[in-house]
Protein chains: 2
Amino acid sequence: MTTTKWMVKNGTFAVLEENRTVLRGYMVVENDRITYLGEEEPIVEEGTEIIDGTHLFFLPGLVNTHGHAAMSLLRGYGDDLALQVWLQEKMWPMEAKFTSDDVYWGTSLSVLEMIKGGTTTFVDMYDHMDQVAKVVQESGMRGVLTRGVIGLCPPEVQQQKLDEAVAFAKDWHGKADGRITTMISPHAPYTCPPDFIEKFVQASHDLNLPLHTHMSETETEVAQNVKDYGLRPVAHLEKLGMFSRPTLLAHAVHLTDEEIEVLAKHQVAVSHNPGSNLKLASGVARVPALLKAGVTVSLGTDGPASNNNLDMFEEMRLAALIHKGVSGDPTAIPASEALRMGTVYGAKSAFLEDIGTLATGMKADMIALNTDQAHFLPRTDYISHAIYSASAKDVEHVWVDGKQVVKNGASLTLDEERIRREAQRAFERLTTL
Amino acid sequence: MTTTKWMVKNGTFAVLEENRTVLRGYMVVENDRITYLGEEEPIVEEGTEIIDGTHLFFLPGLVNTHGHAAMSLLRGYGDDLALQVWLQEKMWPMEAKFTSDDVYWGTSLSVLEMIKGGTTTFVDMYDHMDQVAKVVQESGMRGVLTRGVIGLCPPEVQQQKLDEAVAFAKDWHGKADGRITTMISPHAPYTCPPDFIEKFVQASHDLNLPLHTHMSETETEVAQNVKDYGLRPVAHLEKLGMFSRPTLLAHAVHLTDEEIEVLAKHQVAVSHNPGSNLKLASGVARVPALLKAGVTVSLGTDGPASNNNLDMFEEMRLAALIHKGVSGDPTAIPASEALRMGTVYGAKSAFLEDIGTLATGMKADMIALNTDQAHFLPRTDYISHAIYSASAKDVEHVWVDGKQVVKNGASLTLDEERIRREAQRAFERLTTL
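Chain A appears in an unreviewed UniProt entry as 5-methylthioadenosine/S-adenosylhomocysteine deaminase from Paenibacillus lautus. The Function (unreviewed entry) comment attached to chain A in UniProt states, word for word, "Catalyzes the deamination of 5-methylthioadenosine and S-adenosyl-L-homocysteine into 5-methylthioinosine and S-inosyl-L-homocysteine, respectively. Is also able to deaminate adenosine."

**Student:** What is the right way to look at the interface of chain B and chain A in this model?
**Tutor:** Put simply, an interface is often sized by how much accessible area is lost when its parts join up. Facing the 55 residues of chain B at the interface are 56 residues of chain A. Taking both sides of the interface into account, the surface hidden between chain B and chain A amounts to around 4,500 Å²; carbon and sulfur atoms contribute 60%. Scanning the region where chain B abuts chain A turns up 8 salt bridges. K324(A) is the salt-bridge partner of D80(B), the closest N and O atoms lying 3.1 Å from each other. For the pair chain B and chain A, the interface holds 33 residue pairs in polar contact (both at pLDDT 80 or more). The set of elements that each furnish at least two residues to the side of chain B that touches chain A consists of α2 (100-116), α9 (274-279), α11 (312-327), α14 (382-388) and α15 (416-432) of chain B. In terms of residue count, α11(B) provides more of the side of chain B that touches chain A than any other element does, 8 residues in total. Tallied by class, the residues present in the side of chain B that touches chain A amount to 22 nonpolar, 18 polar and 15 charged.

**Student:** I would appreciate a short explanation of the environment of N64(A) in the present structure.
**Tutor:** Residue and element names in this part refer to chain A. Looking at the element boundaries, N64 is found in strand β6 (residues 62-64). Along the primary structure N64 and G342 are separated by 278 residues, whereas in three dimensions their C-alpha atoms are 7.2 Å apart. If near-sequence neighbours (up to four positions away) are discounted, N64 is found in contact with M114, T119, T121, F122, V123, L299, G300, T301, L310 and M312.

**Student:** Help me out: how do you make sense of the relation of the copies chain B and chain A in this one?
**Tutor:** The pair of chain copies shares a relation made of a rotation about an axis and a shift along it. With an RMSD of 0.0 Å, the operation that places chain B on chain A is a rotation of 180° combined with a shift of 0.0 Å along the axis. Considering both components of the superposition, the chain copies are consistent with a two-fold axis. Taking C-alpha positions as reference, the residue of chain B nearest the rotation axis is K393(B), located at 3.3 Å.

**Student:** Explain helix α12 (residues 335-342) of chain A here, please?
**Tutor:** An α-helical segment advances 3.6 residues per turn. Residues three or four places apart therefore align on the same side. The buried fraction of α12(A) is high, at 7 of 8 residues. Inspection of α12(A) places A335(A), E337(A), A338(A), L339(A), R340(A), M341(A) and G342(A) among the buried residues, and these make up the whole buried set.

**Student:** Honestly, the domain arrangement of chain A in this entry has me stumped. Any pointers?
**Tutor:** All names here are of chain A. Each assigned domain of chain A is listed with its residue range as follows: domain 1 (5-60 + 355-410) and domain 2 (62-349). Of the residues lining the interface, 29 residues belong to domain 1; the matching set on domain 2 comes to 31 residues. A combined buried area of about 2,300 Å² lies between domain 1 and domain 2, and 67% of that area is made up of carbon and sulfur atoms. Our enumeration of links across domain 1 and domain 2 arrives at 2 salt bridges. In this structure, the salt-bridge partner of D365 is R142, at a minimum N-O distance of 2.7 Å. For the pair domain 1 and domain 2, the interface holds 8 residue pairs in polar contact (both at pLDDT 80 or more). Those elements giving two or more residues to the side of domain 1 that touches domain 2 turn out to be β5 (56-60), β15 (366-370), α14 (382-388), β16 (395-400) and β17 (403-407).

**Student:** Can you help me understand the packing of helix α4 (residues 155-172) of chain B against helix α5 (residues 194-207) of chain B in this one?
**Tutor:** Residues and elements named next belong to chain B. Running from N to C, α4 and α5 cross one another at 25°; their axes reach a closest spacing of 11 Å. In terms of orientation, α4 and α5 fall into the roughly parallel class. Between α4 and α5 lies a crossing of right-handed hand. Judged by residue contacts, Q158, Q159, L162, V166, A169 and K170 of α4 engage F196, K199, F200, A203 and L207 from α5. Per-class residue counts for the contact of α4 with α5 are 7 nonpolar, 2 polar and 2 charged.

Criteria and thresholds
Residues numbered from 1 in each chain as written. Chains lettered and ligands numbered in written order. Predicted model: local features only at pLDDT ≥ 70, side-chain atom pairs only at ≥ 80, totals over all residues. Heavy atoms only, no water. UniProt positions renumbered as here; feature names shortened; annotations may be inferred. Contact = heavy atoms within 4.5 Å. Buried area = accessible area lost by both parts, 1.4 Å probe. Salt bridge = Lys/Arg side-chain N within 4 Å of Asp/Glu carboxyl O. Polar contact = N/O pair within 3.5 Å; in protein donor to acceptor, adjacent residues only side chain to side chain. Helix = DSSP H or I, 4+ residues; strand = E, 2+ residues; numbered from the N terminus. Nonpolar A, V, L, I, M, F, W, Y, C, P; charged D, E, K, R; others polar. Least-squares fit on C-alpha atoms with pLDDT ≥ 70 in both. Buried < 20%, exposed > 50% of the residue type's maximum accessible area, 1.4 Å probe, protein only. Domains from an automatic or database assignment. Axes fitted to C-alpha atoms, helices over the stretch in contact; angles between N-to-C directions. Parallel < 35°, antiparallel > 145°, perpendicular 65-115°, else oblique. Left-handed = near helix turned anticlockwise from the far one by under 90°.

If you want it as structure tokens, here you go:
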């Protein structure tokens, strides 16, 4: 394989180091890795491709650590409803009709939105996951994929679903030049009986893969857990052995101090989904307390039907804003910490070691924002601007594994017009069934 | 004067009527007014300019009801700090150095961001207001302008400032083809002694202009008011006669049930500034209770140094999201109500009768979003998409008074490149003084 090598000249890079958050200078990428990042101009071979970084702000690609991409087909189909009405009357009847074709086009629509908006890695928990994997392959994005299993069914159906989840995780782990990794997912403690959850823990051991589940999204489900099992969800999952394995929990809105300590002790990661938690009125997660306890907290959009967009800049901004407003402390979650939640903590939550940071040796998963715009002025603090002013649509270029996938705001890998048309057609078919 | 007439064909229009929120059809604009809006194609003269609305969603221009536009020069200059540190060490020393030239370029930078992002009317309270008025004139935007006066100074300086505020309000009211209106603004109960506030109430009577002030943004200032005057701010301002005049209050975060009743009784309007209130950790205003009591609640960005952007779509989304999350009620402030807050309630709050709604007879202050994008699909509910998915950068065209001021995302009235350069230069000068 010949080496592909290119260099950014005069760029501004978010490095988030102890002593400096931003570096102005040069970056060299060879194949899928950053091989140089510094202030001094490096010597490169004649003919090396040069990208002028003068009006660009480079960030690590954003990592969306919880979602259900195919649900974009239900965006705007039910909003501003009580949770149970929304689920039982709107979401579940429609989702029951989803074919693998629907999952393919719904996921494509989401991946198109995510990749153009600066998200380079997404965690996805859904059904028909082969289709999701196919979209990851085609798009050039990085995906951490898992078949989420609801266990409210007879034992033989449970086993069949588990087998399917295991087969998917085995088959696809490491595929798409390593851009696909997999996890094992019982859907939630309130949708999976204890003995069924234990089987997922066993599978996670056997396959040496991490676990991902929903936990403590609403107060109701916490109360139900106490009623059913005599334990709050954290103690319940701890007892079932879940935290003996690397685990990523989605939501974790309702936590006691003791539960936070348990999560910290076992190094359990949390995917905070502020947009979805607010929209569904689930509450405000105790993120400052989690971070203080040393828990890795990253950010997720959740499904596009409960958000309703996949703009990770918005999730970073919400994380930086709501915890200040609710706690009364204007220093809670500063801009640099919100950016870490969207990048390096995201990588850690997704159990990926070599993305999430711009540094020599890391994978070149990277985005560039156009700073030649009113809301990026004056040039005071680009980290602040990225968190408090920027949005998905400021993303000009995106690279994954060193390969450019978005250029001047347009996808290089996906047929945008076709995806929009097919997604609309899929939705219309679902409503007429 | 010859009539300028144009028509939108096959457009989708946010009408927010009792029985339908969206209308698909035709709109005719003659000079500054909408003269037809309906499903039937109207007969127009041959040669009438036709705009193809097929992929556009038309909304009333957004109304930003509280801000200090020139403060864009301090965007990102101090973030994530305790309020008093931010004010005393960052904002005030810099603002003290602002010249009228700085106000001109800072306001231009903000107006550029606002107008391209779909805001057609803004309320602005600052100093050097002649410069702000000049920018409104040049940009084609609509401005409701007021010289905000801090009264912590000797009586003769107070009088001089009041005279200045009155002169500005008199001179500019109705200027720029009626696009400029004015108000009278004592800065806040904690920065203006009672007798000084009474002089503003008198001036408001004499000039027949509304009042605008900051109120109850923080708990500290409410406690201080009680300590200084034995009354909470609402009773204090009521006693000073303020609510005998049309009044717009910015913030109103900390209110009792009784205070909400008083505001409703006197038809006082409130500018809710969710982004700023969260970022400065002021708290979460009781917006659902205010709306329930019949108070007109609109939305404002506040100054760009405490937000840090001027995207009114974000304020509408924040209003729709945070009150659900904090109250636990997912039906709180539905999408259509958030859109009303950003449009028709904004117009009412700014005391403008003929903007804020798309209907025959209203002024043609209007924006068009590009719906040919992933995050606007499927075509389920465009009001939902506008609130939960859209951002400033989805705005394709903007008209004020029937005149197009933004076309294909570019300003037709302002020199974008020059404004960016001069704003940066102004900031650099301020830091080296």
